[in-house]
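So you can see what is in the structure, the chains are spelled out below.
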Amino acid sequence: MKTYILDSINRLKRYGENLDAKTILCNKSWQIINDTGEKELYIFQENGDILLSTNGIVSQGKWQYISANKSLLISVKDKSYMLHPSFSINNIMAMNLDGTESYMLMIEEQSLLALQVKTLEDLNNYLLSIENEVVHKEKEVKQREEEEIQKQEALKEWFANKKQILDSNEEYKRNKKMLKSHIAACFLAPIVSILFFMNSWDKEIAIIGTVIVFFSFIFPIIKICLYDSKCNEISGNQQKNYIENYIKEKRK
């Protein structure tokens, strides 16, 4: 059994927490990465047998999972090895030889072609690329979390200063004023129209009055919707700009 020391493995060990080694290992053909040029295959069977093939020459051994210290005990011929599963990433398995800094490195045979890993150097470079990718993703997650916290802080400040900010915006004030005037017109115009035509029993005048009352009610409502929409748009843009500026200031 060949074991090796790779710096990339020590940095990736933290991704092997709660590793279900038995489920990962069983009923798969694992090729051992070595520097001997030999093709070594390990096949872990559920009944505790292990088949070892070296350049097509097969021998048998035993293996068992020891839950007490989360390790594998592999017995081959007259030797036994205690290995701690460190991590499994993209069908690559690293197991630490107990009491050492060395690792047995295995790749599921079917994944060898896709991963383009043939030597220890290939494996180390591949693991380094995985590490860089993981670190990059962690940074992105951390940045998103920080931005979300800053966004919540900015929203809190925005709502505290919202009235003051909007009251200082001339466009918002103008649209808000028009909105209020049309709300008033929505109630007053129909009442005035009804009072004007209520004493007339003439049929034609009554029809005209009904139409006028209808439009004197509908027209302000349409205007209310337009001005309210514009006020909301201005408020939304002000809020967006406030949050963006807040986050920019925090990043300085």
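To be clear, the structure that these remarks concern was listed above.
Residues numbered from 1 in each chain as written. Predicted model: local features only at pLDDT ≥ 70, side-chain atom pairs only at ≥ 80, totals over all residues. Heavy atoms only, no water.

S.K.: Mind showing me how you'd approach the pattern of salt bridges here?
M.R.: Any two side chains of opposite charge can pair, given that their charged atoms come close. Under the definition given, this model contains seven salt bridges. A salt bridge links lysine 163 to aspartate 167, with the nearest nitrogen and oxygen atoms 2.9 Å apart. A residue pair is termed a helical-turn pair when its members lie 3 or 4 positions apart in one helix, as lysine 163 and aspartate 167 do in helix α4 (residues 120-167) at four residues. A salt bridge links lysine 173 to glutamate 170; its shortest N-O distance comes to 3.3 Å. Of this pair, lysine 173 and glutamate 170 both sit in helix α5 (residues 170-197), three residues apart, which is roughly one turn of the helix. For glutamate 170, a relative accessible area of 52% translates into the label exposed. (Salt bridge = Lys/Arg side-chain N within 4 Å of Asp/Glu carboxyl O. Helix = DSSP H or I, 4+ residues; strand = E, 2+ residues; numbered from the N terminus. Buried < 20%, exposed > 50% of the residue type's maximum accessible area, 1.4 Å probe, protein only.)

S.K.: Which parts of the structure should I look at to understand the packing of aromatic side chains?
M.R.: Any pair of aromatic rings gets described here by the distance separating the centres and the angle formed by the planes. Evaluated as defined, the whole model comprises three aromatic pairs. Between phenylalanine 44 and tryptophan 63, the ring centres sit 5.3 Å apart and the planes meet at 90 degrees, which makes this aromatic pair edge-to-face. In this pair, phenylalanine 44 is assigned in strand β2 (residues 40-44) and tryptophan 63 in strand β4 (residues 57-66), connecting sequence segments 19 residues apart. Between tryptophan 158 and tyrosine 242 the ring centres are 5.9 Å apart and the planes differ by 55 degrees, which places this aromatic pair in the tilted class. Of this pair, tryptophan 158 sits in helix α4 while tyrosine 242 sits in helix α6 (residues 203-251), placing them 84 residues apart in sequence. Taking the relative accessible area as the measure of exposure, tryptophan 158 reaches 0% and is therefore buried. (Phe/Tyr/Trp six-rings, centres within 6.5 Å; stacked < 30°, edge-to-face > 60°.)

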